[in-house]
Amino acid sequence: MAGLRKALLLVAALGLTAALAGPGTARASSSIRYGVQDDAWLAAGPGTIVDRVERLQKLGVQIVRYTVRWDEVARKAPSNPASPADAAYDWTIPDSVLKSLHDARIDAVVTLYGTPRWANGGNGPNFVPRSKGALAAFARATARRYPWVRRWLIWNEPNQRIWLRPTSPRVYTQTLLNPAYAALHAVRSGMLVGGAVTAPRGSTGGVSPVDWLRGMAAAHARLDAYATNPYPLNPRSETPYAGACTTCRTFTMANLPKLLADVQRYFPRKRVWLTEYGYQTNPPDRFLGVSPALQARYLAEAALRAYLAPRVDMLINFLVRDEPNVGRWQSGLLSIGGVAKPAYYAFSLPLAQVSRNGVTTVLWGQVRPGSGSRTYQLQQLVFGHWKIVGGLARTDSQGFLRRTVHAAAGARFRLVAPSLDLTSPSLVVS
């Protein structure tokens, strides 16, 4: 495609830099959307659901991944499972979340997960249903209940035993994915169904995402997008661009080209959704966390990497707020006390380095809150004071910007959105 994304792809691939330029409006936009997932915070966080969704709007969230738990909505066996009006269904919690997001004009990608005991012989939610039509019927009912939702994910991390048993790409494809795909597409045209949603590794008793992808292809999987959660395997040594394990059969952000090549090989022309990603922070996680400043930097770098990647349509950050148990996930944009980390502002105003050739440096960024072309300032730290570079500038229609600046290694920049009273974390040119 012409425009900003193509220009940055050339810069990143060839190491080229354009002539030094003042502020300009990018002339094209990317299809990618950036969002969050935090089911617990959305459903029961501080304040009302309207307050929480309003916060997402101000943050610039474009899409929210949300899980509709089949086992919680259908605790009893329905007599008419494809009808959302069946008396066995309790839609109270998903109604609150999905209708509030819809009212705020924030898109949702809905994950269907969790088998009820009545559907799998009394086992836990990670066991497949006995009938291949069971999840399909629930998918049809859910799609009818929320007619504005058009993006769907079937299950979560089925390549790990903790999420799916038996842990088999064939069973997943034939019992869950393909029947649900057919059911959702039968409800209305324009549905987009993501399959796989794999963890970056198989873990004990699981299947590597590389083998899972190939197993799904062998089972004739039907999908519109291949979804995966490309978390770093070793957060302290792996960045969005470097440090990937070269001998592991894994998919992480650091080896994204490998993922894209495999998807293209086995599912030609299918889109790619990056449906969970994040770095935990220290504090509070002293073992797996990175510094809050590094979390913010990696968030912006991952946003750039996903933007430049062909066929990638979304990147979802997990979570909004740290979980209260320090043994669980601390990858929130907010601390458990609700204090904004630097990543909170990096989400709204990501700023990343595309390349540097001597003192010619190419920067990329986005102003996410708002719509249409947004105003911003690029500022540089000069002798201890922030100076505006090139005056007030405007983004393209999707909020993206690209700037070529005169800056050597060690120079510091930041984005400012004056009308929003927002400032990004500073970027140190490397």
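Worth saying up front: this structure is predicted, and the values here are computed from it rather than measured. (Residues numbered from 1 in each chain as written. Predicted model: local features only at pLDDT ≥ 70, side-chain atom pairs only at ≥ 80, totals over all residues. Heavy atoms only, no water.)

## Some remarks on the overall build of the protein
- Check the secondary structure of the protein and you find twelve helices and 17 strands.
- Principal-axis analysis of the C-alpha atoms places the extent of the protein at approximately 70 × 45 × 45 Å.
- Taking all 430 residues of the protein together, the buried fraction comes to 56%.
- Counting contacts in the protein only where the partners sit at least 6 residues apart, residues at least 24 apart contribute 71% of the total.
- Surface summary for the protein: the accessible area is close to 17,500 Å², and the carbon and sulfur share equals 53%. (Helix = DSSP H or I, 4+ residues; strand = E, 2+ residues; numbered from the N terminus. Buried < 20%, exposed > 50% of the residue type's maximum accessible area, 1.4 Å probe, protein only. Contact = heavy atoms within 4.5 Å. Areas by Shrake-Rupley, 256 points an atom, 1.4 Å probe, with all protein chains shown as cover.)

## Focus on the state of the cysteines
- As enumerated under the stated definition, the model contains one disulfide in all.
- Each disulfide pairs two cysteine sulfurs, and for C245 the partner residue is C248, the sulfurs being separated by 2.1 Å. Negative torsions about the S-S bond denote left-handed disulfides, and the value of about 70° found for C245 with C248 makes this one right-handed.
- Residue class for C248 comes out partly exposed when judged on its relative accessible area of 34%. (Disulfide = S-S within 2.5 Å.)

## Section: the pairing of strand β5 (residues 192-198)
- In terms of residue burial, β5 counts as a mostly covered element, since six of its seven residues are buried.
- Pairing between strand β4 (residues 151-154) and β5: three bridges, direction parallel. Among the inter-strand pairings, L153 is bridged to a residue of β5, identified as G194.
- Where β5 meets strand β6 (residues 225-228), four bridges bridge the pair, whose relative direction is parallel. Bridging from a neighbouring strand, A196 pairs with A227 of β6.
- For the crossover from β5 across helix α9 (residues 209-218) to β6, the handedness is right-handed. (Pairing = 2+ DSSP bridges. Right-handed = clockwise from strand over helix to strand, strands pointing away.)

## With respect to the pattern of salt bridges
- Tallied over the full model, the rule gives 14 salt bridges.
- Between E276 and R65 there is a salt bridge, and its shortest N-O distance comes to 3.1 Å. Within this pair, whereas E276 is found in strand β7 (residues 271-277), its partner R65 is found in strand β2 (residues 63-69), the two being separated by 211 residues in sequence. The exposure classification of E276 matches that of R65, with both residues buried.
- Between R151 and D107 there is a salt bridge; the shortest N-O distance is 3.6 Å. Of this pair, R151 sits in strand β4 while D107 sits in strand β3 (residues 107-113), placing them 44 residues apart in sequence.
- Look at R151 and you get buried, because its relative accessible area is 13%.
- Taken together, the shared-partner salt bridges in this structure form one network comprising R33, D107 and R151. (Salt bridge = Lys/Arg side-chain N within 4 Å of Asp/Glu carboxyl O.)

## Observations regarding the sheet that holds strand β9 (residues 351-357)
- An order of β9-β10-β14 is seen for the three strands of this open sheet, with the pairing classed as antiparallel. Each edge of the open sheet is held by one strand with a lone partner, namely β9 and β14 (400-406). Each neighbouring strand pair of the sheet contributes to a mean axis angle of 20°, computed without reference to strand direction.
- In this sheet, strand β10 (residues 360-366) lies alongside β9 in antiparallel orientation, the contact comprising six bridges. Considered in β10, the bridge of S355 is made with V362.
- Along the sheet face, helix α11 (residues 292-308) touches β9, β10 and β14 and points at about 70° away from the line of β9. (Axes fitted to C-alpha atoms, helices over the stretch in contact; angles between N-to-C directions.)

## Some words on the confidence of the model for the protein
- Chain-level statistics for the protein give a pLDDT mean of 93 and a share of 93% at 70 or above.
- The low-confidence segment residues 1-29, where pLDDT is below 50, has 66 contacts with residues more than four positions distant or belonging to other chains. (pLDDT = per-residue confidence, 0-100.)

## Regarding the environment of R402
- Looking at where R402 falls in the secondary structure, it is placed in strand β14.
- A residue is classified by how much of its surface remains accessible, and R402, at 22% relative accessible area, is partly exposed.
- Note: C-alpha distance between R402 and F138 (264 residues apart in sequence) is 45 Å.

## Here we look at the nonpolar core
- Membership of the largest hydrophobic core comes to 97 residues, with the highest contact counts inside it found for L56, I154, M216 and Y226.
- When residues of this core are assigned to their parent elements, the largest contribution, ten residues, is made by α11.
- Residues within four places of L56 in sequence aside, it is in contact with V36, W41, L42, V61, V64, L101, I106 and V320.
- Among the nonpolar cores identified, the runner-up in size contains 17 residues, and L349, V367, Y376 and V405 belong to it. (Core = buried A, V, L, I, M, F, W, Y, C linked by side-chain atoms within 4.5 Å.)

## Side note on the side chain of T275
- Mapped onto the elements, T275 comes out in strand β7.
- By relative accessible area, T275 is classed as buried at 0%.
- A polar contact of 2.7 Å, which involves the side chain of T275, links it to the side chain of N229.
- Contacts of T275, omitting those with residues within four sequence positions, involve Q37, R65, L153, V197, A227, T228, N229, M314 and I316. (Polar contact = N/O pair within 3.5 Å; in protein donor to acceptor, adjacent residues only side chain to side chain.)

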